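Coordinate inspection notes
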Amino acid sequence: GQADVLIYADDTYRWFLYLTLASLLLACLLFLLIFLYGCKNIVKYICRLCQEIQVLEGGDLNSSITLQGNNELTQLAQSLDSMRQAFKEQREQEVVIFQSHQQMITEMSHDLRTPLTTLQIYTDILRLQKYEPDQLADYLNKIDAKAAQIKQLADNIFTYSLATKKQYVEHNIKSDSK
């Protein structure tokens, strides 16, 4: 028999497919642009932190760390700045301790030279026999007294050295445990 065939051609389907693909591509492109624009500030902040850390690494502890925003990077920056301040205070404290040690060593050296000079004078007097016979015992007593004074100063230096070493070890143990 005879049949009628009716063929429908839907050209709009093809256009909808192209339009859907173009919309999807545009949405992905728009998402990437918005994401990159949003990340731009974070990347700039990370680069600034990196530069500031390099300045600190160079030894300049007076440069502070920039705090920006309220996120994990800001918390990291706060921790770095706290560490910078603590390290700066520790360095300043070490300088003060070093200066006080230097001053103490200078004073102890002076304290040791005074009795040594006197001791040398008395031994020169005895060696050159520039004394009266009744002064011999007096000079020997003075030499003994100055020798005892030098021994006491040497003992004080040794005691101080041991105490300083003990404090240094205890300080380092506390620092390592933190």
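Relevant structure appears above.
So, here's what we can say about the structure. Since we're looking at a predicted model, the values are computed, not measured.

**What about the nonpolar core?**
- Counting residues in hydrophobic clusters, the biggest one holds eight residues: Tyr45, Leu49, Leu56, Leu61, Ile65, Leu73, Ala77 and Leu80.
- For this core, the secondary-structure elements that each account for two or more residues are α1 (11–57) and α2 (72–127).
- Among residues more than four places away in sequence, those in contact with leucine 61 are Leu56, Arg84, Phe87, Lys88 and Arg91.

**Considerations on the packing of aromatic side chains**
- Counted under the stated rule, the structure contains three aromatic pairs.
- Aromatic side chains tryptophan 15 and tyrosine 18 sit 6.1 Å apart centroid to centroid with 80° between the ring planes, which places their arrangement in the edge-to-face category. Here the residue tryptophan 15 and the residue tyrosine 18 both occupy positions in helix α1, the gap between them amounting to three residues, near one helical turn.
- Overall, tryptophan 15 belongs to the exposed group, its relative accessible area being 57%.
- Residue classification places tyrosine 18 among the partly exposed residues on the basis of a relative accessible area of 47%.
- Ring centres 5.5 Å apart and planes at 35° place the aromatic pair tyrosine 122 and tyrosine 139 in the tilted group. Highlighted residues: tyrosine 122 in helix α2 and tyrosine 139 in helix α3 (residues 136–177), separated in sequence by 17 residues.

**With respect to the pattern of salt bridges**
- All chains considered together, the criterion is met by four salt bridges.
- Between aspartate 124 and arginine 127 there is a salt bridge, with the nearest N and O atoms lying 2.9 Å from each other. Taken as a pair, aspartate 124 and arginine 127 lie in helix α2 at a separation of three residues, close to a single helical turn.
- Since its relative accessible area comes to 35%, aspartate 124 is described here as partly exposed.
- Aspartate 138 serves as the salt-bridge partner of lysine 142, at 3.5 Å between the closest nitrogen and oxygen. Taken as a pair, lysine 142 and aspartate 138 lie in helix α3 at a separation of four residues, close to a single helical turn.

Procedures and definitions
Residues numbered from 1 in each chain as written. Predicted model: local features only at pLDDT ≥ 70, side-chain atom pairs only at ≥ 80, totals over all residues. Heavy atoms only, no water. Core = buried A, V, L, I, M, F, W, Y, C linked by side-chain atoms within 4.5 Å. Buried < 20%, exposed > 50% of the residue type's maximum accessible area, 1.4 Å probe, protein only. Helix = DSSP H or I, 4+ residues; strand = E, 2+ residues; numbered from the N terminus. Contact = heavy atoms within 4.5 Å. Phe/Tyr/Trp six-rings, centres within 6.5 Å; stacked < 30°, edge-to-face > 60°. Salt bridge = Lys/Arg side-chain N within 4 Å of Asp/Glu carboxyl O.

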